[in-house]
Amino acid sequence: MTSHAATEKSRSRPAPPSPQDIRRKHVGDALFRGITALAAASVLALAAIYVVQMALNSWEAVRHFGWSFVVGTTWDPVFEEFGALPVIWGTVISSLLALLIAVPISLGVSIYLTEIAGRRIRRIIEFLIEILASIPSVVYGLWGIFVLVPLVRSIQPHLTSWFGFLPLFQGPPFGYGMLTAGIILAIMILPIMTSLTREALHAVPNHQREASLALASTRWEMIRHAVLPYNKSGIIAAIVLGLGRALGETMAVTMVIGNQPTISTSLFMPAQTIASLIANEFAEASSSLYLSVLIELGLLLFGITLLLNVGARLLVNRISHAGGRRR
Amino acid sequence: MTNRSFAHAVRTPPDRWSMQVTQAPAHAISVQGLHVYYGTVHALKGISLKIKTGQVTALIGPSGCGKSTFLRTLNRMNDLTEAVVAGSVFVLGENIYSPQVDVVELRRRVGMVFQTPNPFPKSIFENVVFGLRRQGIKDRRVLAEVAENSLKRAALWDEVKDRLHDSALTLSGGQQQRLCIARALALEPKVLLMDEPASALDPVATAKIEQLIMDLKGDYTIVIVTHNMQQAVRVSDETAFFLNGELIEMASTRTLFTQPADRRTEDYISGRFG
């Protein structure tokens, strides 16, 4: 028995490691690194392919119109005159309108959920927010047509009679238009923005709240001066994500915005966004120039989103440095 | 009585307070039959004690004995954790759990320093004047003056005077804790509560904090929770020993550590448990 154990022992005694052995140990790591790097590269590749393909396919339109495409205000497919400024305007304004409505609400809901609500109510509201996030865009659009459009139509005459001196509130009561699109977008980006903002506030450590209260602040002062500033970058990230969604949202917008590529100062006039216009006119794009124009619009939307994202990143950096945060 | 909401934390004029405190009474804090419950946990079981004005009182005891809970009842920080409080707690002559009490004003008079330094991610200057700004003070001269005095009082001025507008997070842990003390002092409190203020610091930084506590004695009534018995001996005039939510013994620090009246105190200070 003992001799057997001894031979066993001597057999399993490890030999001094050779260079090959050392290298073999790292094969798994190298493989893993390779696979993850490949996954990361595929993101880059997809973006590059997207941009290149779009650029190639829109080349005809770019060559034909040049910069006048971006600043032109006439959209007339029949005479092949294409100016994208009205849809750029429509895209940016409807999205900003959505932010204007949704940011204060999502901030309010998040503050209520993290700082005030009891556990029971918090659970219920969080569940409802998730439900809202999963409603398909086309359903929001239907709701917009049957509820929101008549509502805006019936409210508009009052707004016009009170604030009609402002160009913002002039125009006939269509119900379909910029404001309706903004409201629908606001409702649609509310869930994602709220849950991200809530996460951001939740990430503020309790010792910051205690520090503020111990220095004789009221609860509101604590929220305003200790909780919100602590994670500004998280809140801004939530807003940026909401903005990105609003810029690209297609279906619900096209159902309520009125689909007219015109620039108007009135909130009630019909307008058009890039995504909505592409969806509407793609099937009718008969000539190759027309098709190329629609693809250039897609490229333009990509550019606008990129620009706003970079801008927001810079804003976050500046704010976090100004806030004296060490990163 | 539940103290979950701060609905009553609306500011009232501080006259009521100053009337009570014109002549400093011998005891800044007087607690009678205090019980605290967290849900079903009975965290404090009938604590009665008095804390002398202008002295340093140490609260010692093993983890979970209720000493931190007790400290947090003194400025109603327990309100945050849904604690249920029964009994009477008089701080600076006022029953602080009476419904008419202005919690915000209470916390202005009773400052608190926490276990881990918790500066705001703002500049050093903004940290010190945080409380003043919440009081609505905007005058830059006043703010600068109070900031300087508070930082000097907290023995931090010489180290930070040239970089008041740098982030407070660039300071070392010990400096951050002294900043938190300066921040509390800026509101000119009468009482300073310290919840293991040196437990996250290295020995040199700890020594500085202890020196500071001794310097502040006399001008402030200091209540300090500590795990470190040597620290209690070094800085405090009186010591209270807590065990399982009860106050076992309170006496002058010298007496408690040399001739403890209770067997359990003796066991604890001689290191037999805890």
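You'll find the structure just up there.
Residues numbered from 1 in each chain as written. Chains lettered and ligands numbered in written order. Predicted model: local features only at pLDDT ≥ 70, side-chain atom pairs only at ≥ 80, totals over all residues. Heavy atoms only, no water.

Chemist: Describe the overall build of chain B, with residues and values.
Modeler: Secondary structure summary: chain B contains 12 helices and 10 strands in total. Whereas a compact globule of 274 residues would reach a radius of gyration of roughly 19 Å, chain B reaches 18 Å, a difference of no more than 12%. By its C-alpha atoms, chain B is 55 × 45 × 35 Å across when sized along the principal axes. For chain B, with 274 residues in total, the buried portion stands at 56%. Partitioning the intrachain contacts of chain B with sequence separation of at least 6 by distance along the chain shows that 70% fall at a separation of at least 24. Approximately 11,500 Å² of chain B is accessible, and the part contributed by carbon and sulfur atoms is 50%. Here chain B contributes 32 positively and 28 negatively charged side chains, and the mean placements of these two sets differ by 3 Å. (Helix = DSSP H or I, 4+ residues; strand = E, 2+ residues; numbered from the N terminus. Rg over C-alpha atoms; globule rule 2.2 N^0.38 Å. Buried < 20%, exposed > 50% of the residue type's maximum accessible area, 1.4 Å probe, protein only. Contact = heavy atoms within 4.5 Å. Areas by Shrake-Rupley, 256 points an atom, 1.4 Å probe, with all protein chains shown as cover. Lys, Arg positive; Asp, Glu negative; His and termini not counted. Charge placed at Lys NZ, Arg CZ, Asp CG, Glu CD.)

Chemist: Got a sec to walk through unusual backbone geometry? Specific residues and values, please.
Modeler: Even without being a glycine, A216 of chain A presents a positive backbone phi close to 60°. Within the secondary structure, A216 of chain A is located in the loop between α10 (206–214) and α11 (219–230).

Chemist: Run through the interface of chain A and chain B, naming residues and quoting values.
Modeler: Taken together, the contact pairs 22 residues of chain A with 28 residues of chain B. Carbon and sulfur atoms supply 60% of the area that chain A and chain B bury against each other, a total of about 2,200 Å² over both sides. Contact with chain B buries area across many residues of chain A, yet E210, L215 and A216 of chain A alone supply 27% of it, more than any other trio. At the boundary of chain A with chain B, the tally comes to one salt bridge. (Buried area = accessible area lost by both parts, 1.4 Å probe. Salt bridge = Lys/Arg side-chain N within 4 Å of Asp/Glu carboxyl O.)

Chemist: Explain the nonpolar core to me, using residue names and the numbers behind them.
Modeler: Soluble globular proteins tend to pack their nonpolar side chains together in the buried interior. The biggest cluster of nonpolar side chains holds 56 residues, and the ones touching the most others in it are L151 and I181 of chain B. Ignoring any residue separated from it by four or fewer positions in sequence, one finds L151 of chain B in contact with V128, L156, W157, V160, L164, L179 and A182 of chain B. Counting 51 residues, the second-largest nonpolar core is a separate cluster that includes I88, M178, M188 and A252 of chain A. (Core = buried A, V, L, I, M, F, W, Y, C linked by side-chain atoms within 4.5 Å.)

Chemist: Requested: an account of the sheet that holds strand β8 (residues 221–225) of chain B, with residues and values cited.
Modeler: All names here are of chain B. Across the sheet, which stays open at both edges, the six strands sit in the order β6-β7-β8-β3-β9-β10 with mixed pairing between neighbours. Only two strands of the sheet have a single partner each, and these edge strands are β6 (110–113) and β10 (246–252). Taking each pair of neighbouring strands and ignoring which way they run, the sheet shows an average axis angle of 15°. In the sheet, strand β9 (residues 238–243) pairs with β10 via six bridges, with the strands oriented antiparallel. The residue of β10 that forms the bridge with F242 is L247. (Pairing = 2+ DSSP bridges. Axes fitted to C-alpha atoms, helices over the stretch in contact; angles between N-to-C directions.)

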